[in-house]
Structure formats: C-alpha cells, structure tokens
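Read off the chains here:
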Amino acid sequence: MKSLEQAIHDKLWLLSAGFVGNKNVFEYRPMTETAYPFIDFQDFQTNFDGTKNGLTATASATINVWDTEDNRKKVSDICNDLIRQLLTMREFYGYPVSLKMSDTNFRIIKDTTVKPYIWRGLINLEFLV
C-alpha cells in the first residue's frame, strides 16, 4: 500500500494531468522552457495525531499552476476546478480522505520576475484522513 503522502501526490498528479496534460505536470519548477499552462508540486506534509481510538491524520499539499500573461482566467479556472473535483472525492488509493475547506485556498499572483509576465496560481490543500 502507498503511504498517505504518496497517495495524495499520485491523485493530484492524475487530476492535474487532466487539466494540462501529463507532460506538463512536474515534480519541481522546470528550469528549461516548457509549454503553458503547466503545474508543479511545491511541497507535501503529513501530521499524525494519536487518539484513544487510533490514529488520525491531516495532510497538506501546495501546488502551482502557471500560464502566460494573457491567461489569468485559465489559471483561476484550473485552481477552482481542481478544488471542486477534490471536494467530491472520498478515497485516495485506499485512504479515506476529505478536503478540509476551511484550510484550503488559492491565490493568483502575477510573476513580474520574468518578461513577459506570467500568472501563478498557488493552491494550498488540506486533507482530513
């Protein structure tokens, strides 16, 4: 069985590929030119709590959606649609999972460190397991 973190990673990869194609999903920000839009994974964290009835966990993931200066709406749509898909899911590879909306959010940021400018959607996801 996959670890909880790996199960979340793999499910997010699968969903992300549905928006941008499998060749445009990356473990890290690509350092060479790539087609837009693309998605990269920033970080994952799992926290465990022991209870008298067993073990509970929360897991978080941060992913980035990138697109060109003219495509802000596309970045916003991908962020919103990804969260909406995750809301309907109850299981990732054998783990009972639900999205914790109170700690899930996204921001749209204009990256002015490159020319032409690009848009970044920074998605913070929190899961209850």
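The coordinates are above.
Computed from a prediction, not measured in an experiment: that's the story for all the values here.

### Considering the overall build of the protein
Link 1 in the chain: Scanning the protein for helices and strands turns up two helices and eight strands.
Link 2 in the chain: Taken over the C-alpha trace, the protein has a radius of gyration of 15 Å; the compact-globule value for 129 residues is 14 Å, and the two agree within 12%.
Link 3 in the chain: The buried share of the protein, reckoned over its 129 residues, is 41%.
Link 4 in the chain: Long-range pairs, those at least 24 residues apart, make up 59% of the contacts in the protein between residues at least 6 apart in sequence.
Link 5 in the chain: Only carbon and sulfur atoms are counted for the fraction: they give 51% of the accessible area of the protein, which is about 7,400 Å².

### With respect to the packing of helix 1 (residues 4-20) against helix 2 (residues 72-87)
For any two helices packed against each other, the geometry is given by the interaxial angle and the distance between the axes.
Link 1 in the chain: Look at helix 1 against helix 2: their axes get within 11 Å of each other, and the N-to-C directions meet at 140 degrees. Here helix 2 runs oblique to helix 1, going by the angle between their axes. With respect to the hand of their crossing, helix 1 and helix 2 are arranged in right-handed fashion. Facing Leu12, Leu15, Phe19 and Val20 of helix 1, the residues of helix 2 in contact are Ile78, Asp81, Leu82, Gln85 and Leu86.
Link 2 in the chain: Residue classes in the contact of helix 1 with helix 2 are distributed as seven nonpolar, one polar and one charged.

### Details of the nonpolar core
Link 1 in the chain: Counting 30 residues, the largest nonpolar core has Leu86, Phe92, Ile123, Leu125 and Phe127 as its most contacted members.
Link 2 in the chain: At the level of secondary structure, the elements contributing two or more residues to this core comprise helix 1, strand 2 (38-51), strand 3 (54-68), helix 2 and strand 8 (118-128).
Link 3 in the chain: For this core, the element with the most residues is helix 1, which contributes seven residues.
Link 4 in the chain: Leaving out residues up to four positions away in the same chain, Phe92 has contacts with Ala7, Ile8, Lys11, Leu86, Val97 and Phe127.

### Focus: the environment of His9
Link 1 in the chain: For His9, the position within the fold is in helix 1.
Link 2 in the chain: Linking His9 and Glu27, residues 18 residues apart in sequence, is a C-alpha distance of 9.7 Å.
Link 3 in the chain: Contact partners of His9, with chain neighbours within four places excluded, come to Glu27, Phe41 and Phe44.

### Remarks on the environment of Gly21
Link 1 in the chain: In this structure, Gly21 sits in the loop between helix 1 and strand 1 (25-26).
Link 2 in the chain: For Gly21, a relative accessible area of 30% translates into the label partly exposed.
Link 3 in the chain: On a C-alpha basis, the gap between Gly21 and Pro37 in space is 9.2 Å, while along the polypeptide they are 16 residues apart.

What counts and how
- Residues numbered from 1 in each chain as written.
- Predicted model: local features only at pLDDT ≥ 70, side-chain atom pairs only at ≥ 80, totals over all residues.
- Heavy atoms only, no water.
- Helix = DSSP H or I, 4+ residues; strand = E, 2+ residues; numbered from the N terminus.
- Rg over C-alpha atoms; globule rule 2.2 N^0.38 Å.
- Buried < 20%, exposed > 50% of the residue type's maximum accessible area, 1.4 Å probe, protein only.
- Contact = heavy atoms within 4.5 Å.
- Areas by Shrake-Rupley, 256 points an atom, 1.4 Å probe, with all protein chains shown as cover.
- Axes fitted to C-alpha atoms, helices over the stretch in contact; angles between N-to-C directions.
- Parallel < 35°, antiparallel > 145°, perpendicular 65-115°, else oblique.
- Left-handed = near helix turned anticlockwise from the far one by under 90°.
- Nonpolar A, V, L, I, M, F, W, Y, C, P; charged D, E, K, R; others polar.
- Core = buried A, V, L, I, M, F, W, Y, C linked by side-chain atoms within 4.5 Å.

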